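Reading the structure
Listed below are the residues making up each chain.
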Amino acid sequence: MDNFNKEEIINQAREHGYWLQRDVQMNRKQFMEFCNHIATPWSWKIHDMHGEGDLNEEEVVDWSSETRFMKRSLPWHADNPWSKDFQFPLRAFYAVNIPDPKDGPLEFLNQTKWFESLDEKQKDEFRQMKVLVQCYKGYCQPYYDDFVKINPITGTESLKWGSKVVYTDVYGLEPDEGHAHNHFSFTMAIMRGREIISDEEISTWFQDMIDKGHHDIVEFREGDLLVNDNWTTLHYRRTLTNSNERLLYRKTLLQPWQKYIG
């Protein structure tokens, strides 16, 4: 693992939303060693708290198009937004089998850079908003929180966005290409005072992120090793159309400020 600089990987993922290295040769054991090298993997207890009790801390998830969300699209979202102690984790992926790199690439929106580009009046408007959050698996009661979150290390701000049903034709938000969005939604409502923010207004935020160039696309190839920082970016995957299995190894990792529970 000496070839992988932990600080460089974490800092690049935090700044750009992800770190990527191509043409890496590794097996499951080596992938797990890489994950342990750069951050602390979720323990069995943390997985169990999030409804994934079939896993243990040594396991690597086979993120397969045949089992995990099947081939359906996943709209713009950030992982695990509802958990107060383990929000927006790091996630590591290793591409094992990619039938077609152009089929269902992983796409990113750097909402942190977008928020930094806003003027102070716009930022203050977001800071006054609240978000009603739920766990779509039913592992917590819905609760209100500030819509703007602050990174504990850098102090940078971005939106506490999970995934939400938004009826719009904005790229990556459309409902949908087959996924049950009502079930998948983490974000029940975004509030300005007592008023719910409309789909039309939410759509303008996402369109602005895209228009300002905060949209990036990674076409996975076999041997790709990627670390995604859910705090910084949102991600999206289009519907997969290739009939062959697309397989990645995946591991969920703690953010540096999060506490390990064994």
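Small disclaimer: the values here were computed from a predicted structure and weren't measured. (Residues numbered from 1 in each chain as written. Predicted model: local features only at pLDDT ≥ 70, side-chain atom pairs only at ≥ 80, totals over all residues. Heavy atoms only, no water.)

Okay, the sheet that holds strand S12 (residues 215-218) next. As summarised here, the arrangement of the 4 strands in space is S3-S14-S5-S12, forming an open sheet in which the pairing is antiparallel. In this open sheet, the two strands that pair with only one neighbour each are strand S3 (74-77) and S12. Pairs of neighbouring strands in the sheet enclose a mean axial angle of 20°, with direction left out of account. Pairing of strand S5 (residues 106-110) with strand S14 (residues 233-237), which is carried by 5 bridges, proceeds in the antiparallel orientation. Within the sheet, the bridge partner assigned to Phe 108 lies in S14 and is His 235. The sheet strands contacting helix H7 (residues 199-211) are S3, S5, S12 and S14, and the helix crosses S5 at an angle near 100°. (Pairing = 2+ DSSP bridges. Helix = DSSP H or I, 4+ residues; strand = E, 2+ residues; numbered from the N terminus. Axes fitted to C-alpha atoms, helices over the stretch in contact; angles between N-to-C directions. Contact = heavy atoms within 4.5 Å.)

Turning our eyes to something else, we now look at the packing of aromatic side chains. Across all of its chains, the model carries 17 aromatic pairs by this definition. On the numbers, 6.5 Å between centres and 65° between planes, the contact of Trp 42 with Phe 86 is edge-to-face. Of this pair, Trp 42 sits in the loop between helix H2 (28-38) and helix H3 (44-49) while Phe 86 sits in the loop between S3 and strand S4 (90-97), and the two are 44 residues apart along the sequence. Members of the aromatic cluster, each reached through a chain of ring pairs, are Trp 114, Phe 115, Phe 126, Phe 147 and Trp 205. Above the plane of the ring of Tyr 249 lies Arg 28, whose end atom (NZ or CZ) is 5.1 Å from the centre. The ring of Phe 88 has Lys 149 sitting right over it, with the charged end atom 4.6 Å from the ring centre. (Phe/Tyr/Trp six-rings, centres within 6.5 Å; stacked < 30°, edge-to-face > 60°. Lys NZ or Arg CZ within 6 Å of the ring centre and 35° of its normal.)

Mapped onto the elements of the fold, Arg 246 is located in the loop between S14 and strand S15 (247-253). In this structure, Arg 246 is buried with no salt-bridge partner, the nearest side chain bearing the opposite charge being Asp 103 at 6.2 Å. In terms of polar contacts, Arg 246 uses its side chain to reach the backbone carbonyl oxygen of Gly 104, at 3.1 Å. In this structure, Arg 246 is in contact with Trp 63, Ser 64, Ser 65, Asn 97, Ile 98, Pro 99, Asp 103, Gly 104, Phe 220, Arg 237 and Leu 240, ignoring residues within four places of it in sequence. (Buried < 20%, exposed > 50% of the residue type's maximum accessible area, 1.4 Å probe, protein only. Lys, Arg positive; Asp, Glu negative; His and termini not counted. Salt bridge = Lys/Arg side-chain N within 4 Å of Asp/Glu carboxyl O. Polar contact = N/O pair within 3.5 Å; in protein donor to acceptor, adjacent residues only side chain to side chain.)

Side chains of nonpolar character tend, in soluble globular proteins, to be buried together. Core analysis: the biggest nonpolar cluster contains 33 residues, and Phe 126, Phe 147, Trp 161, Ile 190, Ile 202, Trp 205 and Phe 206 have the highest contact counts within it. Going through the elements one at a time, helix H4 (111-117), strand S6 (130-133), H7 and S14 are the ones with two or more residues in this core. Here this core gets 5 residues from one element, more than from any other, and that element is H7. Those residues in contact with Phe 147, other than ones at most four positions away along the chain, are Phe 126, Met 129, Lys 130, Val 131, Ser 158, Leu 159, Lys 160, Trp 161, Ile 190 and Trp 205. Counting 21 residues, the second-largest nonpolar core is a separate cluster that includes Met 26, Phe 34, Ile 38 and Ala 92. (Core = buried A, V, L, I, M, F, W, Y, C linked by side-chain atoms within 4.5 Å.)

The residue Thr 252 is located in strand S15 in this model. At a separation of 2.9 Å, a polar atom in the side chain of Thr 252 contacts the side chain of Arg 91. With near-sequence residues (within four places) excluded, Thr 252 lies in contact with Pro 41, Trp 42, His 47, Pro 89, Leu 90 and Arg 91.

Let us look at the sheet that holds strand S13 (residues 225-229). The sheet built from 5 strands is open, its strands ordered S1-S13-S4-S15-S2 with antiparallel pairing. Two strands lie at the open edges of the sheet, namely strand S1 (18-21) and strand S2 (61-64), each paired on one side alone. For this sheet, the mean angle separating the axes of adjacent strands, direction not counted, is 25°. Here 4 bridges tie S2 to S15, and the two strands are oriented antiparallel to one another. When the bridges of S15 are listed, Val 61 appears paired with Arg 250. Its contacts with the sheet place helix H1 (residues 6-16) against S1, S4 and S13, and it is angled at close to 125° to S1. Against the sheet, H2 engages S1, S2, S4, S13 and S15, with an angle of about 30° to S15.

What follows concerns the pairing of S4. Summarising burial for S4: 6 of the 8 residues are buried, a large majority. Strand direction decides the pairing type here: S4 and S13, joined by 5 bridges, are antiparallel. Its bridge partner lying in S13, Ala 92 is registered against Val 227. Across 7 bridges, the pairing between S4 and S15 is antiparallel. In the strand pairing of S15, Tyr 94 is matched with Tyr 249.

Scanning the entire structure with this criterion turns up 15 salt bridges. Between Asp 124 and Arg 127 there is a salt bridge, and its shortest N-O distance comes to 2.6 Å. Taken together, the residues Asp 124 and Arg 127, both in helix H5 (residues 120-127) and 3 residues apart, mark about one turn of the helix. For the salt bridge of Asp 146 with Lys 130, the shortest nitrogen-to-oxygen distance reads 2.4 Å. With Asp 146 in strand S7 (residues 143-146) and Lys 130 in strand S6, the pair connects residues that are 16 residues apart, well separated along the chain. Classification of Lys 130 by relative accessible area gives partly exposed; the value is 36%. Salt bridges linked by common partners bring Glu 120, Lys 123, Asp 124, Arg 127 and Glu 157 together as one network.

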